[in-house]
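Take a look at the letters that make up each chain.
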Amino acid sequence: DTAVSQTPKYLVTQMGNDKSIKCEQNLGHDTMYWYKQDSKKFLKIMFSYNNKELIINETVPNRFSPKSPDKAHLNLHINSLELGDSAVYFCASRHTNTEAFFGQGTRLTVV
Amino acid sequence: DQQVKQNSPSLSVQEGRISILNCDYTNSMFDYFLWYKKYPAEGPTFLISISSIKDKNEDGRFTVFLNKSAKHLSLHIVPSQPGDSAVYFCAASAGNNDMRFGAGTRLTVKP
């Protein structure tokens, strides 16, 4: 009965591969986000979607492509993975001017 | 360009005393502010928030103060408990669903 769920929790893959991380929220929120937490533990916004429309794309390489098939889902597809993509990726959702709920995170390790 | 700053990477306090965590922001469009708590290997969990029309919001042991003229907010935890030990993130949001986080402050409460 998790509010925001992301899969997988751990992902280990080789450089050059393409991978996807899925996110689903059952809270009826209009806005969903992807954040990246790098080795310095800084939570950096990557994308924001509102009602399936891209609102914020924070200078993320175009190897990263978010896809929102409906309001409840925001998936992250990453092409040609690089070592520097290793991080923890968090999905979140909220209504405007309310608290955001976060998923448990996906730890991506590129080897 | 870091629009939300937490200049203290760590803070250590004695159990029962007050913990004060600080946050500064630069974007005057931010109108909603949040504090999150994060444990290792988990997603951030919401703690308390404040709208820009207020200067104080209190919830149990947690109080958030907002000084708009100084673009500064703080989180007070009184009394601090060992279970409060975690990383605390400050976040700021604008009406367009942009939500930015600071770098976090690691709070350690010693018994």
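For clarity, every value in this text was computed on a predicted model and none was experimentally measured. (Residues numbered from 1 in each chain as written. Chains lettered and ligands numbered in written order. Predicted model: local features only at pLDDT ≥ 70, side-chain atom pairs only at ≥ 80, totals over all residues. Heavy atoms only, no water.)

### Some remarks on the overall build of chain A
The criterion, for reference: Secondary structure elements are defined from DSSP: runs of H or I of at least 4 residues count as helices, runs of E of at least 2 residues count as strands, and each element is numbered from the N terminus. Note that the radius of gyration is over C-alpha atoms, with the globule rule given as 2.2 Å times the number of residues to the power 0.38. Whether a residue is buried, partly exposed or exposed follows from its accessible area with a 1.4 Å probe, protein chains only, as a fraction of its type maximum: under 20%, in between, or over 50%, in that order. For accessible areas, the Shrake-Rupley method is used with a probe of radius 1.4 Å. Any residue's cover is judged against the shown protein chains and nothing else. Charge assignment in this entry is limited to Lys and Arg as positive and Asp and Glu as negative, and neither His nor the chain termini are counted. Taken as the charge location is NZ of Lys, CZ of Arg, CG of Asp or CD of Glu.
Check the secondary structure of chain A and you find zero helices and 11 strands. For chain A, the succession of helices and strands along the chain, N to C, is β-β-β-β-β-β-β-β-β-β-β. For chain A, the C-alpha radius of gyration of 13 Å lies close to 13 Å, the compact-globule estimate for 111 residues. Principal-axis analysis of the C-alpha atoms gives chain A an extent of 35 × 25 × 25 Å. Residues classed as buried in chain A amount to 44% of the 111 residues present. Entry remark: accessible area of chain A is about 5,400 Å², with carbon and sulfur atoms responsible for 48%. Of the side-chain charges in chain A, 13 are positive and 11 negative, and the distance between the mean point of each set is 6 Å.

### Some details on the interface of chain A and chain B
Convention followed: Contacts: residue pairs with any heavy atoms within 4.5 Å of one another. Note on definitions: buried area is the accessible-area loss of two parts on being combined, 1.4 Å probe, summed for both. By salt bridge we mean one thing: a side-chain nitrogen of Lys or Arg within 4 Å of a carboxyl oxygen of Asp or Glu. Identification of polar contacts relies on pairs of N or O atoms within 3.5 Å, with a donor-acceptor requirement for protein atoms, meaning one able to donate a hydrogen and the other able to accept it, and with residues adjacent in sequence counted only if both atoms are side-chain atoms. Following the grouping adopted for this structure description, the nonpolar residues are Ala, Val, Leu, Ile, Met, Phe, Trp, Tyr, Cys and Pro, the charged ones are Asp, Glu, Lys and Arg, and the polar ones are all others, Gly among them.
At the interface, 24 residues of chain A touch 22 residues of chain B. Both sides together, the interface formed by chain A and chain B hides about 1,800 Å², and carbon and sulfur atoms give 55% of it. Among the residues chain A hides against chain B, the three largest losses belong to F42, L43 and N97 of chain A. Together they make up 26% of the total. In this structure, the connection of chain A to chain B is made through one salt bridge. Along the contact surface separating chain A from chain B lie four residue pairs in polar contact (both at pLDDT 80 or more). Among the secondary structure elements, those contributing two or more residues to the side of chain A that touches chain B are β4 (31-37), β5 (43-50), β6 (53-57) and β9 (87-94) of chain A. Taken together, the residues of the side of chain A that touches chain B sort by class into 10 nonpolar, nine polar and five charged.

### Brief notes about the nonpolar core
What counts is decided by this rule: Working definition of a nonpolar core: buried Ala, Val, Leu, Ile, Met, Phe, Trp, Tyr and Cys residues. They are joined through side-chain atoms within 4.5 Å.
By size, the foremost hydrophobic cluster in this structure holds 24 residues, and its most contacted members are F33, W35, L73, L75 and Y88 of chain B. Contributions of two or more residues to this core are made by β3 (19-25), β4 (32-38), β5 (45-51), β7 (62-67), β8 (72-77), β9 (86-93) and β11 (105-110) of chain B. The dominant element in this core, judged by the number of residues it contributes, is β9 of chain B, at four residues. Beyond its immediate stretch of four places on either side in the chain, Y88 of chain B contacts Q6, L21, W35, Y36, K37, L47, L75, I77, G104, T105 and L107 of chain B. Listed in part, the 20 residues of the second largest apolar core include I21, C23, F64 and L76 of chain A.

### Details of the packing of aromatic side chains
Selection rule: Working definition: a ring pair exists when centres of Phe, Tyr or Trp rings (six-membered ring for Trp) sit within 6.5 Å. Plane angles under 30 degrees give stacked, over 60 give edge-to-face, the rest tilted.
With the rule as written, the count across this model stands at 12 aromatic pairs over all chains. Their ring planes at 35° and their centres at 5.7 Å tell us that Y33 of chain A and Y35 of chain A sit as a pair that is tilted. Classification of Y33 of chain A as buried rests on a relative accessible area of 0%. When its relative accessible area of 0% is taken as the criterion, Y35 of chain A is described as buried. Plain terms: the ring middles of F89 of chain B and F101 of chain B are 6.4 Å apart, the flat faces sit at 80° to each other, and that makes the pair edge-to-face. Pair noted here: F89 of chain B is in strand β9 and F101 of chain B is in strand β10 (residues 99-101), with a separation of 12 residues, a long-range link. A residue is classified by how much of its surface remains accessible, and F89 of chain B, at 1% relative accessible area, is buried. Cluster of aromatic residues (ring-pair linked, three or more members): Y33, Y35, F90 and F102 of chain A together with Y36, F46, F89 and F101 of chain B.

### Some remarks on the state of the cysteines
A disulfide bridge is the covalent bond that connects two cysteines by way of their sulfur atoms. Where we set the bar: The criterion for a disulfide is a pair of cysteine sulfur atoms lying within 2.5 Å.
By the definition in use, this model includes two disulfides over all chains. With a sulfur-sulfur separation of 1.8 Å, C23 of chain A is cross-linked through a disulfide to C91 of chain A. Of note, the bridge from C23 of chain A to C91 of chain A carries an S-S torsion of about -75° and is left-handed in sense. Pair noted here: C23 of chain A is in strand β3 (residues 19-25) and C91 of chain A is in strand β9, with a separation of 68 residues, a long-range link. On the basis of relative accessible area, C91 of chain A is assigned to the buried category, the value being 0%. Linked covalently through their sulfurs, C23 of chain B and C90 of chain B form a disulfide whose S-S length is 2.0 Å. Its S-S torsion of about -70° marks the bond between C23 of chain B and C90 of chain B as left-handed, since a negative value means left-handed. Of the two residues, C23 of chain B is situated in strand β3 and C90 of chain B in strand β9; the sequence distance between them amounts to 67 residues. The buried category is assigned to C23 of chain B, whose relative accessible area is 1%.

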